[in-house]
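A structural walkthrough
As a plain string of letters, each chain reads:
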Amino acid sequence: MSRIEDYAIIGDLHTAALVGTDGSIDWLCLPNFDSPACFANLLDGPKAGRWLLAPEGGGECTQRQYREDTLVLETEWELDGGAVRVIDFMPPRDEVADVVRIVEGLSGEVKMRGELVMRFDYGHIVPWVRRNHTGVHAVAGPDALYLDTSTRVHGEHMSTVSEFTVKAGERVPFVLTWAPSHLPRPRSVDPEEALEGTTSYWTEWSSKSKASGPHRDAVQRSLITLKALTYMPTGGIVAAATTSLPEQIGGPRNWDYRYCWLRDATWTLQSLIAGGYTDEAAAWRDWLLRAVAGDPADLQIMYSLHGARRLPETELGWLKGFEGSAPVRIGNAAAGQFQLDVWGEVLDGLALTRNSLLGQPDESWDLQTAIMEHLEKIWDQPDNGLWEMRGPRRHFTHSKVMAWVAADRMVKAVRDSGLPGPADRWEDLRDRIHDEVMEKAFDSERNTFVQSYGSKELDASLLLIPRVGFLPRRHPRVLGTIDAIQRELTQDGFVLRYKPEASDDGLPGREGIFVACSFWLVEALLGAGRGPEAEELFHRLLGLRNDVGLLSEEWDPQAARQLGNTPQAFSHFALITTATQLHAGLRHHSNSPIHHQGQS
Ligand SMILES: OC[C@H]1O[C@H](O[C@H]2O[C@H](CO)[C@@H](O)[C@H](O)[C@H]2O)[C@H](O)[C@@H](O)[C@@H]1O
């Protein structure tokens, strides 16, 4: 059984597939990220659908890598009789979706076996499968899949099997195409042309990057991963490609991340802008304006890729879950929560786009004003916080700090950029929130900010206080909070987001350390003047990436394995912004663009 870190991602900017080190595609939702899966081996085993393509004897590959700065994956096996490579990719999309796999003989000869188990609706539906002159054709309900290959296939135990030998220099292609079942068979794809086109697409995209410095490769891989999590038609960005990969193996903390969180998307935007990608930032702003249009009181913390608001949370009882981690959930009840921080994140993100996309039309000021006016009425309410706690609502410190951020950015927009608005009133609110946080969210005995007003608990989000400019990076209270978090909220030097057993988050069980929060500690240490410690922690965090540079949401320090949904935008944007700070120096806060070398 594969571990979370065994997976690499390929995608077509509408959806993504996860490919294991054993050559099996174990996760693929079609046609979009949030559509039902046709391969759900990840959550239930092979009977829920998968596509294995590997040497006959099976087993882990010897090595794998992405082709330079692309999303084209190469998985290689070296065996006694020869060596073979499987090249996997999804060509950037037209109206239908393709997964292309090319088996390439590298030396000697290798016996290969393909096993395609097509299931629709997360393993629930076994389709009708018919042979045709180029492969097979599967249909059930709205979905059709077409397999085209030059090698012979036959049926075996409800799967489509191919057995063939590949010699040095030979190439055996497979193309799996999804199309709506009511339409005629779609155009066929030339696999070699598609390989060239896909390689050029990603190479060209990567050539626009401003990533540089000692961590350039890690940053570029993270930027490519974030791009792979964007939904091209609307500009929406999913939090991760999967649902229900557990935060504790065998536990119930399993959530569907195939949606657009305003928080995650705003942070992703910050890192794309840091990487020099302004087109994606503009597309995100357009997505945001469409998604949140209407009464600001109805603003949600997350939406679907298309901006839909209803994301009912359901359990898929027929799936046993990753290594038995049940339930498997689709939809996400957090969509209905009140998370005060989101307003600040959105206004912070729009301030950044305004400062970064100079000269591009910006129609978001009316929305920003409406959001701020609404926030003036609700900022003093208890909320669910950025960790989406399902326990009682509280006055979370981070939420209030983000309300301060909202007011701060709006004041600056009026004062510095000349936009219209009641700057004095917003300034007054900003100062009131600041005073309240300083008074109610600080434990002077332990010299640390706390998770919520009056609480004794710590929370990793407190590390963001200097990042958003609420206090200077070396303010005594910031330094005290860093010390307290290192003392009380770390495992093996990595940071927990909070202590689940003491924070009444409404859920049983525990979880791993939170990768993004550990990157936040790096930045906080750097700001505190503890550069060598920051560098050391950053290098240890880079070591949590898998062999192809991917991070999931969490890490289990005892078992030394990844936990949670993967690849996760949160972890990758934290890597990018932290690496940029380490390289460029602490020259910016969350809302100011980074000036790369050579720029004025
Ligand atoms: O811990 C409980 C919550 O966990 C998920 O939320 C987390 O993921 C979100 C997407 O990356 C992120 O925005 C949030 O800050 C994280 O806590 C889950 O989506 C929630 O439903 C759940 O209550």
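Not measured: the values here are computed from a predicted model. (Residues numbered from 1 in each chain as written. Predicted model: local features only at pLDDT ≥ 70, side-chain atom pairs only at ≥ 80, totals over all residues. Heavy atoms only, no water.)

**Points about the overall build of the protein chain**
Regarding its fold elements, the protein chain presents 14 helices and 28 strands. Over its C-alpha atoms, taken along the principal directions, the protein chain stretches across nearly 75 × 50 × 45 Å. The contacts of the protein chain with a sequence gap of at least 6 include a subset with a gap of at least 24, amounting to 67%. Only carbon and sulfur atoms are counted for the fraction: they give 50% of the accessible area of the protein chain, which is about 21,300 Å². In the protein chain, 60 positive and 84 negative side-chain charges are present, and the distance between their average locations comes to 1 Å. (Helix = DSSP H or I, 4+ residues; strand = E, 2+ residues; numbered from the N terminus. Contact = heavy atoms within 4.5 Å. Areas by Shrake-Rupley, 256 points an atom, 1.4 Å probe, with all protein chains shown as cover. Lys, Arg positive; Asp, Glu negative; His and termini not counted. Charge placed at Lys NZ, Arg CZ, Asp CG, Glu CD.)

**Structural notes on the packing of helix α6 (residues 341-356) against helix α7 (residues 365-378)**
The interhelical angle for the contact between α6 and α7, taken along N-to-C directions, is 155°, at an axis separation of 10 Å. Relative to α7, α6 is oriented roughly antiparallel. In this structure, α6 crosses over α7, and the sense of that crossing is left-handed. Contacts between α6 and α7 involve W343, V346, L347, L350 and R354 on the former and, on the latter, W365, Q368, I371, M372, H374, L375 and I378. (Axes fitted to C-alpha atoms, helices over the stretch in contact; angles between N-to-C directions. Parallel < 35°, antiparallel > 145°, perpendicular 65-115°, else oblique. Left-handed = near helix turned anticlockwise from the far one by under 90°.)

**What about the site of the ligand?**
Close to the ligand lie 16 residues; R263, D264, N332, L386 and R497 are nearest. Contact distances for the ligand include 2.9 Å between an oxygen atom and a side-chain N or O atom of Y257. For the ligand, whose unbound accessible area comes to 480 Å², protein coverage reaches 100%. Split into classes, the residues belonging to the shell around the ligand amount to eight nonpolar, two polar and six charged. (Near = heavy atom within 4 Å. Polar contact = N/O pair within 3.5 Å; in protein donor to acceptor, adjacent residues only side chain to side chain. Nonpolar A, V, L, I, M, F, W, Y, C, P; charged D, E, K, R; others polar.)

**Things to note about the nonpolar core**
I9, V103 and W520 are the most contacted members of the largest nonpolar core, which totals 195 residues. Aside from chain neighbours lying at most four places away, what touches W520 is W267, L386, W387, A460, S461, L463, L464, F570 and A574. The next biggest cluster of nonpolar side chains, apart from the first, holds eight residues, and it includes V72, I87, F89 and I102. (Core = buried A, V, L, I, M, F, W, Y, C linked by side-chain atoms within 4.5 Å. Buried < 20%, exposed > 50% of the residue type's maximum accessible area, 1.4 Å probe, protein only.)

**Quick word on the pairing of strand β15 (residues 171-180)**
Burial analysis of β15 places nine of its 10 residues in the buried class, which makes it a mostly covered element. Across eight bridges, strand β9 (residues 97-117) lies against β15 in antiparallel orientation. Bridge pairing in β15 places D98 opposite T177. Examined bridge by bridge, strand β12 (residues 143-149) and β15 share seven bridges and lie antiparallel to one another. In the sheet register, Y146 faces β15, and the bridge partner there is T177. (Pairing = 2+ DSSP bridges.)

**Describing the confidence of the model for the protein chain**
Mean pLDDT over the protein chain stands at 94; residues scoring 70 or higher make up 97%. In this model, residues 595-600 is a region of pLDDT below 50 whose contacts with residues beyond four sequence positions or in other chains number seven contacts. Prediction confidence for the complex, expressed as pTM and ipTM, is 0.95 and 0.93 respectively. (pLDDT = per-residue confidence, 0-100.)

**Observations concerning helix α4 (residues 262-274)**
The terminal C-alpha atoms of α4 lie 18 Å apart, and with 13 residues this matches the ideal 18 Å at 1.5 Å per residue to within 8%. For α4, a buried count of 13 out of 13 residues is recorded, marking the element as mostly surrounded by other parts of the structure. Just beyond α4, the residue with positive phi is G276, at close to 95°. (Expected span 1.5 Å × (residues − 1).)

**Some points on the side chain of D98**
The topology assignment puts D98 in strand β9. Side chain to side chain, D98 and T177 meet in a polar contact 2.7 Å long. Once residues within four sequence positions are removed from consideration, D98 is found in contact with F89, M90, P91, V175, L176, T177, R187 and V189.

**Quick look at helix α13 (residues 531-542)**
Taking 1.5 Å as the rise per residue, α13 with 12 residues should run 16 Å; its terminal C-alpha atoms sit 16 Å apart, in good agreement. Among the residues of α13, those classed as buried are G531, A534, L537, F538, L541 and L542. Down the axis of α13, the smallest arc covering the buried residues is 145°, so these residues share one side. Every exposed residue of α13 that faces more than 90 degrees away from the buried side is listed here: P532 and E536. The secondary structure elements touched by the buried residues of α13 are α3 (216-228), β25 (494-495), α12 (515-527) and α14 (569-584). (Arc of directions from axis to C-beta.)

**As for the sheet that holds strand β28 (residues 561-563)**
Within a sheet, neighbouring strands are paired by backbone hydrogen bonds and run either parallel or antiparallel to one another. Strand order in this open sheet of three strands is β26-β27-β28, and the pairing throughout is antiparallel. Two strands bound the open sheet, and with one partner strand each, they are β26 (513-514) and β28. Where strand β27 (residues 554-556) meets β28, three bridges bridge the pair, whose relative direction is antiparallel. Looking at β28, one finds that E554 is bridged to L563.

**Details of the pairing of strand β7 (residues 73-78)**
Taken residue by residue, a regular strand's side chains alternate between the two faces of the sheet. Within β7, five of the six residues are buried, leaving the element largely enclosed by the surrounding structure. Where strand β6 (residues 63-66) lies against β7, four bridges are found, and the strand directions are antiparallel. Looking at the pairing, Q63 lines up with E76 of β7. Here β6 folds back onto β7 in antiparallel fashion, the turn holding six residues, of which E68 has a positive phi close to 35°. As defined by bridge partners, β7 adjoins strand β8 (residues 82-89) across six bridges and the pair is classed as antiparallel. Residue pairing across strands places W77 opposite V84, the latter belonging to β8. Hairpin connection between β7 and β8: a loop of three residues separates the two successive antiparallel strands.

**Section: the packing of aromatic side chains**
Each pair of aromatic rings is reported with the distance of its centres and the angle of its planes. Across all of its chains, the model carries 20 aromatic pairs by this definition. Seen from their ring centres, F164 and F174 are 5.8 Å apart, and the 45° between their planes marks the pair as tilted. Here F164, found in strand β14 (residues 159-167), pairs with F174, found in strand β15; they are 10 residues apart in sequence, far enough to count as distant. On the accessibility criterion, F164 (9% relative accessible area) is buried. Ring centres of W267 and W520 lie 5.6 Å apart, and the angle between their planes is 80°; this geometry places the pair in the edge-to-face category. Residue W267 is found in helix α4, and its partner W520 is found in helix α12; the two are separated by 253 residues along the sequence. For the pair W267 and W520, one class covers both residues: buried. Three or more aromatic residues link up through ring pairs in this structure, and these residues are W267, W387, F514, W520, F570 and F573. (Phe/Tyr/Trp six-rings, centres within 6.5 Å; stacked < 30°, edge-to-face > 60°.)

**A word on unusual backbone geometry**
In this structure, P31 follows L30 across a cis peptide bond, with omega equal to 5°. With respect to the element layout, P31 can be found in the loop between β3 (24-29) and β4 (37-39). The residue after A326, namely P327, is reached through a cis peptide bond having omega 0°. Its location among the elements puts P327 in the loop between β20 (314-315) and β21 (329-330). Positive phi, normally seen in glycine, also occurs at D504, with a value near 50°. Locating D504 in the fold gives a position in the loop between β25 and β26. In this structure D504 comes out as partly exposed when scored by relative accessible area, which is 45%.

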